[in-house]
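Remarks on the overall topology
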Amino acid sequence: MSTTALIENTPLRIGPHTVQPPVVLAPMAGITNAPFRTLCREFSGGKGLFVSEMITTRALVERNEKTMQLIHFDESETPRSIQLYGVDPATVGKAVRMIAEEDLADHIDLNFGCPVPKVTRKGGGSALPYKRPLLRAILREAVSGAGDLPVTMKMRKGIDDDHMTYLDAGRIAVEEGVTSIALHGRTAAQHYGGTADWDAIARLKEHVPEIPVLGNGDIWSAADALRMVASTGCDGVVVGRGCLGRPWLFADLVAAFEGRPEDIARPSLREVADVMVRHATLLGEWIGDESRGVIDFRKHVAWYLKGFAVGSEMRKRLAITSSLAELRSGLDELDLDQPWPTGADGPRGRTSGNNRVVLPDGWLKDPYDCGAGVGEDAELDTSGG
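In this text, all values refer to a predicted model and were calculated from it rather than measured experimentally.

1. A word on the overall build of the chain
For the chain, the helix and strand inventory stands at 16 helices and 13 strands. For the chain, whose C-alpha radius of gyration is 20 Å, the value lies close to the compact-globule estimate of 21 Å for 385 residues. In terms of its C-alpha atoms, the chain occupies a principal-axis envelope of roughly 60 × 50 × 40 Å. Across the 385 residues that make up the chain, the buried fraction comes to 58%. Partitioning the intrachain contacts of the chain with sequence separation of at least 6 by distance along the chain shows that 74% fall at a separation of at least 24. For the chain, the accessible area works out to roughly 15300 Å², and carbon and sulfur atoms hold 49% of it. Each charge sign in the chain was given a centre, from 43 positive and 53 negative side chains, and these centres are 4 Å apart.

What follows is the structure, given as structure tokens:
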């Protein structure tokens, strides 16, 4: 039986939601806002699961104005999926109950994958699963507060090669009623460097057969996604950096899982330019100001143009535009008939690795001693995983 047929016969279920094909957009800070999710969803034909950028539980409970905008979903988004980051069980519980009681989302994902030093030095993100009792307490509060909403989690292998946590964390998740687990096959020390360990995804799948396991890491093309499923037995894939500047990757993923490899997208620069303008337009409409939308779009320019013959001066010029007209004018000066460049499907985004993980003093002495716990200042407006 082919990989595609196997996937079609075993759809991914997240609580009451069927995700077919089993493809999930990874939460990325400043990236997976409503406009980007709209683009990805349009290319996929509405198939898949598209998760919001990370929301800190404290900011949500306090109804921070920026946070309340970030949890806004377009009417066409179904199911509505929010990722939460929290370090205090009580605050996580309050945030989840708020989402459930006010009907703010249909699915809640919890972030335990962030490797950013200003988070891990406070015991948050990918450092937190090392403290098994704290992880359990957070998951228990979340599942209890969610009611009928499914709760999932995303995590890394561990802090470093000497302090792996993913198998223990997976078992705790099952025991506390988590619906599914996504594993990024890297440690916190690796950040985004090196090669993702797909074997770890396979081991987690064997360790927690009771619930779906999703694989994350080094999915740069639809073929990569099929290879991950075939080699690990995972129930679905989570795609992050691979779709930066390539929202049509979700069209490729749908085509691949549905057995239509001939439909893999290879857009010309003209088609890419049109998507760029639409992306910037959607950002302006979402923010409520065209100029601010184009400015927010600037970080996407290099990703969209990766591999195309565009001079450095023009790249710089496009990355400082402040209006849709200026962006469109600059793009129109390019050779828009260029075909999709060879090698543009490869790695993109951050690749730093082999970092020393900054942790609270004495954090690694005892995985079961949580001491004073994690301070509120660990809840920072950052993300990753």
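2. Looking at the sheet that holds strand E12 (residues 213–216)
Across a sheet, strands are paired by hydrogen bonds formed along the backbone, either parallel or antiparallel in direction. Here 9 strands make up an open sheet; going across it, the order is E4-E3-E13-E12-E11-E8-E7-E6-E5 and the pairing parallel. Since the sheet does not close on itself, it has two edges, and those belong to strand E4 (49–50) and strand E5 (55–56), each with one partner. Helix H5 (residues 89–101) contacts strand E6 (81–85) and strand E7 (107–112) of the sheet and is inclined by roughly 165° relative to E6.

3. Regarding the pattern of salt bridges
Scanning all chains against the criterion turns up 29 salt bridges. Notably, a salt bridge pairs Arg-140 with Glu-176, separated by 2.8 Å at the nearest N-O pair. Within this pair, whereas Arg-140 is found in helix H7 (residues 132–146), its partner Glu-176 is found in the loop between helix H8 (166–175) and strand E11 (181–184), the two being separated by 36 residues in sequence. Of the residues examined, Arg-140 reaches a relative accessible area of 48% and is grouped as partly exposed. Accessibility expressed as a relative area gives 10% for Glu-176, which makes it buried. Close ionic contact of Asp-296 with Lys-299 constitutes a salt bridge, the shortest N to O distance being 3.2 Å. What emerges from the salt-bridge pattern is a single network uniting Arg-37, Arg-41, Asp-74 and Glu-77.

4. Digging into the nonpolar core
Counting residues in each nonpolar core, the largest one holds 101 residues, and the members touching the most others are Leu-84, Leu-110 and Met-153. For this core, the element with the highest residue contribution is helix H12 (residues 269–287), accounting for 10 residues. Apart from the residues lying within four places of it in its own chain, the contact partners of Leu-110 are Gln-83, Leu-84, Val-92, Leu-139, Ala-142, Val-151, Thr-152, Met-153 and Lys-154. Within the second largest apolar cluster, 10 residues are counted, among which are Ala-26, Val-51, Leu-214 and Val-238.

5. Some details on the side chain of His-17
Among the secondary structure elements, His-17 is positioned in strand E2 (residues 17–19). By relative accessible area, His-17 is classed as buried at 18%. Excluding residues within four positions of it along the chain, His-17 makes contact with Leu-12, Pro-79, Asp-106 and Pro-150.

6. Looking at the pairing of strand E8 (residues 151–156)
Along E8, 6 of the 6 residues are buried, which leaves the element largely enclosed by surrounding structure. By the alternation rule, side chains of E8 split into Val-151, Met-153 and Met-155 and Thr-152, Lys-154 and Arg-156, which are all buried. Across 4 bridges, E8 lies against E11 in parallel orientation. Bridging across to E11, Lys-154 finds its partner in Ala-182.

7. A word on helix H10 (residues 222–232)
Turning to H10, its buried residues number three or more, namely Ala-222, Asp-224, Ala-225, Met-228, Val-229 and Thr-232. Looking straight down H10, one finds its buried side chains confined to an arc of 160°; they lie on one side. Backbone geometry just downstream of H10 places Gly-233 in the positive-phi region, at approximately 75°.

8. Regarding empty space enclosed by the protein
As enumerated under the stated definition, the model contains 2 cavities of 30 Å³ or more in all. As a volume, the largest cavity reaches approximately 120 Å³. What lines the largest cavity is a set of 15 residues, and nearest its centre among them are Val-24, Asp-109, Thr-152, Ala-182 and Leu-214. Those elements that place two or more of their residues in the lining of the largest cavity are E7, E8 and E11. With 3 residues, E8 is the largest single contributor of residues to the lining of the largest cavity. For the lining of the largest cavity, the class distribution of residues is 10 nonpolar, 3 polar and 2 charged. If you add up the space inside the second largest cavity, you get close to 40 Å³.

Parameters at a glance
- Residues numbered from 1 in each chain as written.
- Predicted model: local features only at pLDDT ≥ 70, side-chain atom pairs only at ≥ 80, totals over all residues.
- Heavy atoms only, no water.
- Helix = DSSP H or I, 4+ residues; strand = E, 2+ residues; numbered from the N terminus.
- Rg over C-alpha atoms; globule rule 2.2 N^0.38 Å.
- Buried < 20%, exposed > 50% of the residue type's maximum accessible area, 1.4 Å probe, protein only.
- Contact = heavy atoms within 4.5 Å.
- Areas by Shrake-Rupley, 256 points an atom, 1.4 Å probe, with all protein chains shown as cover.
- Lys, Arg positive; Asp, Glu negative; His and termini not counted.
- Charge placed at Lys NZ, Arg CZ, Asp CG, Glu CD.
- Pairing = 2+ DSSP bridges.
- Axes fitted to C-alpha atoms, helices over the stretch in contact; angles between N-to-C directions.
- Salt bridge = Lys/Arg side-chain N within 4 Å of Asp/Glu carboxyl O.
- Core = buried A, V, L, I, M, F, W, Y, C linked by side-chain atoms within 4.5 Å.
- Arc of directions from axis to C-beta.
- 1 Å grid on protein atoms, 1.4 Å probe; cavity = no way out; pocket = protein on both sides within 12 Å on 5 of 7 lines; lining within 4 Å.
- Points joined across faces, edges and corners; volume = space filled by probe spheres on them.
- Nonpolar A, V, L, I, M, F, W, Y, C, P; charged D, E, K, R; others polar.

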